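# Inside the fold
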Amino acid sequence: MNNNYFQNETITPDFIKNELDKSIILNNNNFGLLKGQTGLSLTYFLLSDLFPDTDFKEDANQLLDQVSENICDVKGVDFENGLAGIGWGIEWMIQNGYVKADANEVLDELDDELYKSVVESKSPNISLENGALGKAMYFYKRLNTQTYQSMHNRYRNICNHECLILLIDEINEDLLDEKNGLLISSTQMQHTNSDRLIEVAHTLIFMSKAHHLKINLEIIEKLIDRIITFIKQNITILMETSLWEGYLNLLYAYSFASELLQDINGVNHARMLYESSMQSFISTNNVSIFQKYLNNRFNPLTDNPLNAEPIVQKQSDGFFNLLFLCHHYHYKLRSAWNEAWLLS
């Protein structure tokens, strides 16, 4: 994507169509959420609200039809490219009114496949993209609005409930393991990296969102408390430039969770930490699209907003680039477009 568009407020449907056509070519055999055709469909639906006189909604439906026709060929269960992300995307489209369907009927077989994957083996890691958090996102989405008007749906609720408990336990074991848990082991902290810190940030956001379901609540509250304590205790280390992206994600998660859980002191503390560390951000040479997004979310809370450039974009950023670009220039995206990246 051309960085010049971040200095140009003229974002036309033709430009958007061109960018999405490139993605279709690059991801022709990927039916997943974050980089494949499910994500493309979701993106087209969102952008059809901004540009109702285009064929974007028709394009979205065509892509979704292709996903439905080929979903049997999808072998992975991960969130990035596999069944968890595809199922989450379909549920999201139904909940937000883009697709008219009964989610319990449409996702019945996916529920079964993902149930098997959770009860038969542990996830390889806890990441959103390929691990326990991604599968937890699917079951959270299903449980958050699921209706149970029949005995079958009641059974489905019990199964999905069980999966979410198991996945929360997996995340808890990973982060709070007495020997290797990042939130416990000082040795692990010394050798951590931004990707690992982003996993912790995603965990805090997810647990604060799932809190209201009161499923595995004791573990959820323990994780929230331990992560916030971890942030407070490791400020000096985390402010190192090499860990800046992870640090910024943690601050955002801290602020998000505090606001969601109505902890005004936590919100103010996260703001203070951000303001005190902006110089580190300024000295960072390469600013990712995700860092730019998080910076923009913090700016309204600060007395001295920071306009960080340049932006280094990567193909691996997927559709986030384009959706953020539209959001960046104050277009009103009707639905919470950033949910798929655990940013809301």
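Rules used throughout
- Residues numbered from 1 in each chain as written.
- Predicted model: local features only at pLDDT ≥ 70, side-chain atom pairs only at ≥ 80, totals over all residues.
- Heavy atoms only, no water.
- Helix = DSSP H or I, 4+ residues; strand = E, 2+ residues; numbered from the N terminus.
- Buried < 20%, exposed > 50% of the residue type's maximum accessible area, 1.4 Å probe, protein only.
- Contact = heavy atoms within 4.5 Å.
- Areas by Shrake-Rupley, 256 points an atom, 1.4 Å probe, with all protein chains shown as cover.
- Core = buried A, V, L, I, M, F, W, Y, C linked by side-chain atoms within 4.5 Å.
- Salt bridge = Lys/Arg side-chain N within 4 Å of Asp/Glu carboxyl O.
- Axes fitted to C-alpha atoms, helices over the stretch in contact; angles between N-to-C directions.
- Left-handed = near helix turned anticlockwise from the far one by under 90°.
- Nonpolar A, V, L, I, M, F, W, Y, C, P; charged D, E, K, R; others polar.
- Expected span 1.5 Å × (residues − 1).
- Arc of directions from axis to C-beta.
- pLDDT = per-residue confidence, 0-100.
- Phe/Tyr/Trp six-rings, centres within 6.5 Å; stacked < 30°, edge-to-face > 60°.

## So, the overall build of the protein chain
Along the backbone of the protein chain there are 17 helices and two strands. For the protein chain, the proportion of its 344 residues judged to be buried stands at 56%. Of the contacts made within the protein chain by residues no fewer than 6 positions apart, 68% connect residues no fewer than 24 positions apart. When the accessible area of the protein chain is evaluated, it comes to approximately 15,700 Å², of which 46% is carbon and sulfur surface.

## Description of the nonpolar core
Of all hydrophobic cores here, the largest spans 108 residues; its most connected members are I16, L47, F206 and W337. The element contributing the most residues to this core is helix α13 (residues 244-260), with 10 residues. Those residues in contact with L47 that lie beyond four places of it in its chain are I16, L20, F56, L322, L323, C326 and L333.

## A few points about the side chain of S48
Topologically, S48 is positioned in helix α2 (residues 37-50). By relative accessible area, which is 7% here, S48 ends up buried. Contact partners of S48, with chain neighbours within four places excluded, come to F56 and K57.

## Points about the pattern of salt bridges
Taken as a whole and assessed by the stated rule, the structure comprises 11 salt bridges. Between D111 and R142 there is a salt bridge; the shortest N-O distance is 2.7 Å. With D111 in helix α6 (residues 108-120) and R142 in helix α7 (residues 132-145), the pair connects residues that are 31 residues apart, well separated along the chain. Relative accessible area serves as the criterion here: at 1%, R142 is assigned to the buried category. Across the pair R271 and E275 runs a salt bridge whose closest N-O atoms are separated by 3.7 Å. With R271 and E275 both in helix α14 (residues 264-276) and four residues apart, the pair spans about one turn of that helix. Taking relative accessible area as the criterion, R271 reaches 28% and is therefore assigned partly exposed. On the accessibility criterion, E275 (28% relative accessible area) is partly exposed. Connected through shared salt-bridge partners, E91, D108, D111, D112, R142 and R156 make up one network.

## As for the packing of helix α4 (residues 83-95) against α6
Pairs of packed helices are described in terms of their axes, by the angle between the two and the distance that separates them. At their nearest, the axes of α4 and α6 sit 10 Å apart, and the two run at 145 degrees to each other. In this structure, the crossing between α4 and α6 has a hand that is left-handed. Where α4 abuts α6, its residues L83, A84 and G87 lie against L110, E113 and L114. The residue inventory of the contact of α4 with α6, partitioned by class, reads four nonpolar, one polar and one charged.

## Focus: helix α11 (residues 217-233)
Given a rise of 1.5 Å per residue, 17 residues ought to cover 24 Å, and the 24 Å separating the end C-alpha atoms of α11 matches this to within 8%. Burial in α11 covers these residues: I219, I220, L223, I224, I227, I228, F230 and I231. The buried residues of α11 occupy an angular sector of 160 degrees when projected down its axis, which confines them to one face. Turned more than 90 degrees off the buried face of α11, the exposed positions are E218 and Q233.

## A word on unusual backbone geometry
Note: most peptide bonds trans; most residues except glycine with negative phi. The phi dihedral of K214 is positive, around 60 degrees, even though this residue is not glycine. Summarising the element assignment, K214 is placed in the loop between α10 (194-210) and α11.

## Observations concerning the confidence of the model for the protein chain
The pLDDT averaged across the protein chain works out to 84; a share of 83% of its residues lies at or above 70. Scored below 50 in pLDDT, residues 1-9 shows 24 contacts in the model against residues more than four places distant or in partner chains. In this model, residues 308-313 is a region of pLDDT below 50 whose contacts with residues beyond four sequence positions or in other chains number 23 contacts.

## What to know about the side chain of H202
With respect to the helices and strands, the residue H202 is situated in helix α10. Judged by its relative accessible area of 8%, H202 falls in the buried class. Among residues more than four places away in sequence, those in contact with H202 are L128, L133, W341 and L342.

## Examining the packing of aromatic side chains
Overall, the coordinates contain 17 aromatic pairs when judged by the stated rule. Taking the centre distance of 5.2 Å and the plane angle of 80 degrees together, the rings of Y138 and F139 count as edge-to-face. Among the aromatic residues, ring-to-ring pairing joins F290, Y293, F320, F324, W337 and W341 into one connected group.

## So, helix α3 (residues 56-70)
In this model α3 runs 21 Å from its N-terminal to its C-terminal C-alpha over 15 residues, within 8% of the 21 Å that 1.5 Å per residue would give. Of the residues making up α3, those classed as buried are F56, D59, A60, L63, L64 and V67. Down the axis of α3, the sector holding all buried residues measures 135 degrees, keeping them to one side.

## A look at the environment of I215
Residue placement: I215 occurs in the loop between α10 and α11. Spatially, the C-alpha atom of I215 lies 7.8 Å from that of L164, the residues being 51 residues apart in sequence. Excluding anything up to four places from it in sequence, I215 contacts L143, H161, L164, I165, I168 and I220.

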